[in-house]
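Coordinate analysis (summary)
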Amino acid sequence: MLFFLEQDKETPSLMALNPPSPSPSVFKEKESASQLPSMMKAVPYSSAVQQADSRAPAHDNPHPAPTRVCSFSSSVTTSSEDTVVNEDDDDNCLMNPHTPPTSEQVFTTPHTEFGHCANEAYRCVSKHDYTKPFQECAIEKPPLYVCFATCVSILTLYLLGRLRDFFGKRFAKSRFTHLMPHNGYAQLNSDLESFYLRRVKRRMDDCYGQPITGVPGRTVLILDRYSPDYNHTQIYTGGMTRALNISSYNYLAFSQGRGSWADAVAESIRRYGVSSCGTRLDSGSNDLHVCAEALIAYFLGTEDALVCSMGFATNSTFIPGLAGKGSLIISDELNHTSMRVGIQQSGAAVRIFKHNNMASLESLLREVISQGQPKTHRAWKKILVIVEGLYSMEGTLVNLPRIVELKQKYKFYLYVDEAHSIGSLGSRGRGVTDYFNTPPGSIDVLMGTFSKGFGAAGGYISGPKSLIDALRLRSHSGPYAEAITPSVIAQVVVSMASIMGVTPAPRPTKSTLFPSLDSSIVAPKESAEEFPGMAPASMLPMWMNLRPSLADGSEARMRMRRLAFNCRYLHMGLKKLGFIVCGHVSSPIVPLLIFSPGKLCLFVRMMRARPIPIAVVVVAHPATSFTTGRARLCPSASHTKEDIDIVLRACDEVGGILDMKHGSCERWGIDEVCERAVELVHSV
């Protein structure tokens, strides 16, 4: 959050801002003298943030305390009690802004969590340009030698692995006991089922599931570890490495350790505890759940909504309540596993169409409508088409306008999963419907999650009130799943309210000072609205106070515009550097195709070993095919333009070493890409 404040003339001392750590191992002796210039240079910035903390309203920071915004350090730390780390670089851009804010421009969030960027040129609006045709995002094929080398490497790995298993079971039986019958028991895991885990993934275990600590914001603290036995076990050294975070789903950076979001979560724990201790149909519902569901329905422009404590369970438990025997579900071939599980549990017939291919979908619709059910050829009870708004592994955007046209023509029900698009797409953050300016009433069921755009956890289903009422009872999560915790739902309410903005509360009257019991519960809307404006203050709990920039929506609008710029810049920058990048240009998921499984782990290790470490995530089988391994880069609103420059320069260098540049796009040099970033973003 941005505050424009004047810096006081008196500057707090360096010792007051950063008291010395009791552990002498935190600082290196040889750097004690060389760090002083850098530390003194960072004092004005730290002082300014201290001043902002002291001037913040009482409700924003009820327990003020000295905040270590600048730790005068670099990437590596040996202390687990705080974030004070060793200074290897006098100008550490991970801790201090590239261009320090002036005394009139001070951000109240640490630069490590949310990057300081006041340049309005680095902003963009996320919306579809109807003057241009919809962008079909087909994966570009690499040269034949890349495909051949990838297939040969996989085949070699498989043959050598099977050969080691064959001899190991005969000459080293003690190490393969769990794969062979013993003491009258059958093997718990067959060698074929566990082959990928043992022979492929274990070689890259240091690249997966890397534990972190602290807030997953602009940067992240990675716990250092090593393996003495080829990743069978991991030993933690006690040290930490601060890295630029390009791997988290914290798209709008609402998951912060301070600010109105954190204040609301802390207050909800004080008022409600840490758990509801019950299911929604029993005693687990509270007024926060009711408030959140009404707010979600208002936010999306639907009649009613229902929340669930887990995003995966939202699909897997609600889809069986939408269709059953005698119904037909038509699914995109690349839909998420949670939807596939829900479809299988529903008992409905299933047909698959090619990924985001509207011609394939229409051809399939004509076939299934004309032929009817198998054997009897009776008409289907209902046809439900299930798609994702933004596909999590490909970064492709659904062709929503065309699907809505087909829906009006063939009269099927439409289910859209907006797990990654809600909050991150559209000028108002309403997802794909907002991005394409499509009325939300044209979609029957809207599903989404809170773990991406809202910095929380769980998911929701939104649609007609009659459908939501039926799902409350018919879905498995209602009677069996634990209700979403109050602290998490408070984070959802604050994040969603800050995106919409909140209208000022009316002047208190007798009815507002002494409300009746019935008026304290927010009732769902009687009819759906199309993209409503700011939320009435009455829809929020009375104890929930938002800062002015959150209440008027300006903070969230700034974050959405920064996210849109970063997504486009990273996507187009990688393409101009010669990489094969799939997905939509406005997607917050930027898949960088690597192909060869052997290069995946090398890419992660080389990015993490750079002078400015970068935390990336790679995706391989079973999330993708064996031959389409990729790095999934996730920019957020917390990143600055300089951060994206760092990522592009690192990818340019590492990609050249690993022979990853196989794209057919016109190539630019890295310096030209960085200099023409604004032009590059607005050219698409």
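Our subject is the structure listed above.
Before going into details, it helps to say that this report is about the structure given with it. Please read all numbers here as calculations on a predicted model, not as lab measurements.

The description of an aromatic ring pair rests on the distance of the ring centres and on the angle between the ring planes. Taken as a whole, this structure holds 14 aromatic pairs when the rule is applied. Stacked on the ring of Phe-166, the Lys or Arg Arg-170 has its end atom at 3.9 Å from the ring centre. When the ring centre of Phe-114 is taken as reference, the NZ or CZ atom of Arg-559 above it lies at 4.1 Å.

Turning our attention to the side chain of Glu-113. Mapped onto the fold, Glu-113 is located in the loop between strand S3 (106-107) and helix H3 (144-171). Arg-258 provides the closest opposite charge to the buried, salt-bridge-free Glu-113, at an N-O distance of 6.5 Å. In this view, Glu-113 contacts Val-215, Gly-217, Arg-218, Gln-256, Gly-257 and Ser-638; residues no more than four positions away in its chain are not counted.

Turning our attention to the sheet that holds strand S16 (residues 618-619). Taken in spatial order, the 3 strands of this open sheet run S14-S17-S16, and their pairing is antiparallel. One side of each edge strand has no neighbouring strand; the edge strands of this open sheet are strand S14 (590-595) and S16. Sheet analysis places S16 next to strand S17 (residues 629-633), joined by 2 bridges and oriented antiparallel. Counterpart to Val-618 in the pairing with S17 is Ala-631. Sitting on the sheet, helix H18 (residues 597-608) is in contact with S14, S16 and S17, with an inclination near 125 degrees to S14.

What follows deals with H18. Over its 12 residues, H18 extends 18 Å from the first C-alpha to the last, a length consistent with the 16 Å expected when each residue adds 1.5 Å. When we look at burial in H18, the residues that qualify are Pro-597, Lys-599, Leu-600, Cys-601, Phe-603, Val-604 and Met-607. Those residues of H18 that are buried lie in contact with H3, S14, strand S15 (614-615), S16, S17 and helix H19 (641-657).

Attention shifts here to the pattern of salt bridges. By the definition in use, this model includes 30 salt bridges. For the salt bridge of Arg-605 with Asp-206, the shortest nitrogen-to-oxygen distance reads 2.8 Å. Of the two residues, Arg-605 sits in helix H18 while Asp-206 sits in the loop between helix H4 (195-199) and strand S4 (212-213), which places them 399 residues apart along the sequence. Among the residues examined, Arg-605 registers a relative accessible area of 29% and is labelled partly exposed. Residue Asp-206 is classed as buried on the basis of its relative accessible area, which comes to 15%. One salt bridge connects Arg-218 with Asp-643, and the closest N-O pair in it is separated by 2.6 Å. Taken as a pair, Arg-218 in the loop between S4 and strand S5 (219-226) and Asp-643 in helix H19 lie far apart in primary sequence, 425 residues in all. Using a relative accessible area of 1% as the deciding quantity, one classes Arg-218 as buried. The class of Asp-643 is buried, set by a relative accessible area of 2%. Each of the salt bridges in this network shares a partner with another, and the network as a whole consists of Arg-280, Glu-293, Asp-304, Lys-465, Asp-469 and Arg-472.

Before going further, it helps to spend a moment on the packing of helix H9 (residues 358-371) against helix H10 (residues 400-410). Running from N to C, H9 and H10 point in directions that differ by 15 degrees, and their axes come no closer than 11 Å. Taken together, the axes of H9 and H10 lie roughly parallel to each other. The handedness of the crossing between H9 and H10 comes out as right-handed. Within the contact between the two elements, H9 uses Met-358, Leu-361, Glu-362, Leu-365, Arg-366 and Ile-369 and H10 uses Arg-402, Ile-403, Leu-406, Lys-409 and Tyr-410. Looking at the contact of H9 with H10 residue by residue, the classes come out as 7 nonpolar, no polar and 4 charged.

How each quantity is defined
Residues numbered from 1 in each chain as written. Predicted model: local features only at pLDDT ≥ 70, side-chain atom pairs only at ≥ 80, totals over all residues. Heavy atoms only, no water. Phe/Tyr/Trp six-rings, centres within 6.5 Å; stacked < 30°, edge-to-face > 60°. Lys NZ or Arg CZ within 6 Å of the ring centre and 35° of its normal. Helix = DSSP H or I, 4+ residues; strand = E, 2+ residues; numbered from the N terminus. Buried < 20%, exposed > 50% of the residue type's maximum accessible area, 1.4 Å probe, protein only. Lys, Arg positive; Asp, Glu negative; His and termini not counted. Salt bridge = Lys/Arg side-chain N within 4 Å of Asp/Glu carboxyl O. Contact = heavy atoms within 4.5 Å. Pairing = 2+ DSSP bridges. Axes fitted to C-alpha atoms, helices over the stretch in contact; angles between N-to-C directions. Expected span 1.5 Å × (residues − 1). Parallel < 35°, antiparallel > 145°, perpendicular 65-115°, else oblique. Left-handed = near helix turned anticlockwise from the far one by under 90°. Nonpolar A, V, L, I, M, F, W, Y, C, P; charged D, E, K, R; others polar.

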